[in-house]
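# Geometric and topological summary
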Amino acid sequence: MVVDVNAFIGKWPYWPIPSSSEAAVSKFSQWGIDQACICSTRSLFVSWEDGNCESETLSRQHQAELVPFACLGTLETSHRAAGRKHDLRTYRERGFRGIRLYPQHHSYHLLFESFVDEICEQAQVLHLPVLLSLRAIMNWGVPSLDLCDMLAIVERHPRVPWILSGVNYLQEIRSVQLLMRRYPSVNLETSCVMGYEAIQKVVNECGHEQILFGSAAPLQHGRANLEKILHARVSDLAREAILSGNAQRLLGLGNE
Amino acid sequence: MIVDAHVHIGKSTRLQIDVDGEHLVRVADEMGFDKICCTDLTALFYDMHEGNKLLFREMKQFPDRIIGYASLHSTRFGAEALDELDRCANDYGMRGLKIYSTPQMSIAEPATIAILEKTVELGFPILAHATPHECEYLMAAVPECKLMMAHAAAQPFAHGDWNRAIMAAKRFPNLYLETASSTIDTGFLETCVRELGAEKIIFGTDIPLLDPYFQLSKIRDTCIEPDQLQKILGGNVLRLLRPV
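Residues numbered from 1 in each chain as written. Chains lettered and ligands numbered in written order. Predicted model: local features only at pLDDT ≥ 70, side-chain atom pairs only at ≥ 80, totals over all residues.

## Structural notes on the overall build of chain B
Within chain B, the regular secondary structure consists of 10 helices and 9 strands. Taking the principal axes of the C-alpha coordinates as reference, chain B spans close to 45 × 40 × 35 Å. For chain B, the residues scored as buried account for 56% of the 244 residues in total. The long-range share in chain B, meaning contacts at least 24 apart out of those at least 6 apart in sequence, stands at 73%. (Helix = DSSP H or I, 4+ residues; strand = E, 2+ residues; numbered from the N terminus. Buried ≥ 20, exposed ≤ 12 C-beta atoms within 10 Å, placed from the backbone. Contact = placed C-beta atoms within 7 Å.)

See the structure below:
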């Protein structure tokens, strides 16, 4: 069983990918991904709420394969939604299993917008995971988040069930490892962890319970991302936990 | 036959690497790589003479597995660098050159031209950690040299822009793209092959910096034809290397 906590649906404006919903679902299966937590790229580039509607609809059509995450952005700067507040209970009631934040795509600062703190406080109470990406994919051409900002928001809200994503460089991994050792609620997602023996090193440093498989498929090659976990020098127990067990526990999958 | 065209050996504190030939050949065995093309990190970032000599020792231990690239820590050492290339080719039996460019000290400058001309004389292909713009400058200066753009622009100094790398490789018949990278964008290889042909794509992993498994998968687990894969995974680089 393979659960991918960081997949996408939707179009990719930079170069062609399998962009129809059916093509994406088919690709997940072809690459060996049984269940994918999705967010629409429309949420990054057009309207986060419109993208959430896409994720919601598609997940209803593919309940066994897809798990929707809601992408949230600013309400304060919206022409339509000024004055409204994020209410995470409504997203949970709509079936979303987690939240994603992309400040680098939505023109806000993670540390200086009150709605971010409000989201974190609600996520902590509701035990709703929050996925925060340094970069959507491992390509230097796409916008990235400052590592220090990521570390600071986690330190500010250490009991949120964090999924830290898009981590690649040694100093990024080392910093996230420090948080993982300090806070059991902090999890590392693997889609951009590409270093030599990197998975093995994280398991040796932090154990396997806070590592979650993610691929950023179909933007990234899902099978290639899976191969590095399948061949990592870790125990079978650790591999199973990374590929599915940890995600199932965190997201409550299979408890419906 | 699988040949990894981009491998590092030796020590680098910055990259947190310390590996010898025995370790790399063990990894190659696990991966099913028949040969690995190595560059010594000391030669690339500190002292060409010391590092290339270290690599020569490793080549002697694994003559059927390790193919040596001469490395230059700078292209601004004039005759000293040219002499070192002669030594690497004729005394050490190395079969290519690795050079490294940064935005702060770009190799796209006149000082590099004599180096390129020397590689033509020696029959060395060049694995250049360089951007598409830098490669275009070099190819325009010495069109007959065989240049492999390391990472195919999927590296930070080139902003990950592999589509730009394809455009550059289209302009110059002797400019090739090498695949090692953290980037595993869907469609990368298919686009390269469609736009350039499989003959211009060269497989590499950048071990021991990067995990080799996802890099082999991003080449193999695609819709590329088997005969094209053979070229990419080894045939092309073997054709370019200085003959033994």
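The discussion continues.
## A short note on the overall build of chain A
Tallying secondary structure elements over chain A gives 11 helices and 8 strands in all. The C-alpha radius of gyration of chain A comes to 17 Å, within 12% of the 18 Å expected for a compact globule of 256 residues. Considering only C-alpha atoms, chain A reaches an extent of 50 × 40 × 40 Å along its principal axes. Going through the 256 residues of chain A one by one, you find that 53% of them count as buried. In chain A, the share of contacts with a sequence separation of at least 24, taken over all contacts with a separation of at least 6, comes to 76%. (Rg over C-alpha atoms; globule rule 2.2 N^0.38 Å.)

## Quick notes on the sheet that holds strand E8 (residues 211–212) of chain A
Residues and elements named next belong to chain A. Reading across the sheet, the 8 strands line up as E1-E2-E3-E4-E5-E6-E7-E8 and stay open at both edges, with parallel pairing between neighbours. Looking at the sheet topology across the chains shown, the edges are occupied by strand E1 (3–9) and E8. Pairing of strand E7 (residues 186–189) with E8 involves 2 bridges; the strand directions are parallel. From the neighbouring strand, glutamate 189 faces E8, where its bridge partner is leucine 212. (Pairing = 2+ DSSP bridges.)

## A short note on the pairing of strand E2 (residues 35–40) of chain A
Residues and elements named next belong to chain A. Counting buried positions along E2 yields 6 of 6 residues, so the element is predominantly enclosed. Here E2 shows no split at all, with Gln35, Cys37 and Cys39 on one side and Ala36, Ile38 and Ser40 on the other all buried. What joins E1 to E2 is helix H1 (residues 21–31), and the crossover it makes is right-handed. In terms of strand pairing, E2 meets strand E3 (residues 66–72) through 3 bridges, oriented parallel. Following the sheet pairing, isoleucine 38 is matched in E3 by proline 68. (Right-handed = clockwise from strand over helix to strand, strands pointing away.)

## Quick notes on the environment of phenylalanine 28 of chain A
Residue and element names in this part refer to chain A. Within the secondary structure layout, phenylalanine 28 lies in helix H1. Using a count of 26 C-beta atoms within 10 Å as the deciding quantity, one classes phenylalanine 28 as buried. Not counting the four nearest positions on each side in its chain, phenylalanine 28 is found in contact with Ala7, Ile33, Ala36, Glu65, Ala217 and Gly222.

## As for the interface of chain A and chain B
Reports often express the size of an interface as the amount of accessible area lost when the parts come together. Tallying the contact residues gives 24 residues for chain A and 22 residues for chain B. When its residues are assigned to classes, the side of chain A that touches chain B shows 13 nonpolar, 8 polar and 3 charged. (Nonpolar A, V, L, I, M, F, W, Y, C, P; charged D, E, K, R; others polar.)

## Things to note about unusual backbone geometry
Between alanine 217 of chain A and the following residue, proline 218 of chain A, the backbone shows a cis peptide bond with an omega angle of 0 degrees. Tracing the chain through its elements places proline 218 of chain A in the loop between E8 and helix H10 (222–230). Residues isoleucine 207 of chain B and proline 208 of chain B are joined by a peptide bond in cis, for which omega reads 5 degrees. Tracing the backbone shows proline 208 of chain B in the loop between strand E9 (201–202) and helix H9 (212–220).

## Digging into helix H4 (residues 78–90) of chain B
All names here are of chain B. Between its first and last C-alpha atoms H4 spans 19 Å; for 13 residues at 1.5 Å apiece the expected length is 18 Å, and the two agree. When we look at burial in H4, the residues that qualify are Ala81, Glu84, Leu85, Cys88 and Ala89. Take H4 and look down its axis: the buried residues cluster within an arc of 130 degrees, on one side only. Along H4, the residues that are exposed and aim more than 90 degrees away from the buried face are Ala79, Glu80 and Asn90. Taken together, the buried residues of H4 touch helix H3 (48–61), strand E4 (66–71), strand E5 (96–100) and helix H5 (113–122). (Expected span 1.5 Å × (residues − 1). Arc of directions from axis to C-beta.)

## Looking at the nonpolar core
Within the largest apolar cluster, 165 residues are counted, with the highest numbers of intra-cluster contacts made by Ile38, Ile99 and Val130 of chain A together with Ala128, Leu147, Met148 and Met149 of chain B. When residues of this core are assigned to their parent elements, the largest contribution, 7 residues, is made by helix H11 (residues 236–251) of chain A. Discounting chain neighbours no more than four positions away, the residues touching isoleucine 99 of chain A are Phe69, Ala70, Leu72, Leu88, Ile119, Ala123, Leu128, Val130 and Leu131 of chain A. (Core = buried A, V, L, I, M, F, W, Y, C linked by C-beta atoms within 7 Å.)

## Focus on the sheet that holds strand E8 (residues 175–178) of chain B
All names here are of chain B. Across the sheet, which stays open at both edges, the 9 strands sit in the order E2-E1-E3-E4-E5-E6-E7-E8-E9 with mixed pairing between neighbours. If you trace the sheet from one side to the other, it starts and ends with strand E2 (17–19) and E9, each paired once. Relative to E4, strand E3 (residues 35–40) runs parallel, the two sharing 3 bridges. Bridging from a neighbouring strand, cysteine 37 pairs with isoleucine 67 of E4.

## Looking at helix H6 (residues 132–141) of chain B
All of the buried residues along H6 of chain B are Pro132, Glu134, Cys135, Glu136, Leu138 and Met139 of chain B. Along its buried surface, H6 of chain B packs onto H5, strand E6 (125–129), strand E7 (146–149), helix H7 (162–171) and E8 of chain B.

## Description of the environment of proline 212 of chain B
Residue and element names in this part refer to chain B. Along the chain, proline 212 falls in helix H9. C-beta crowding within 10 Å serves as the criterion here: with 24 such atoms nearby, proline 212 is assigned to the buried category. Each C-alpha atom of the pair proline 212 and aspartate 64 lies 20 Å from the other, and the pair is 148 residues apart in sequence. Setting aside residues up to four positions removed in sequence, proline 212 forms contacts with Val27, Met31, Thr205 and Ile207.

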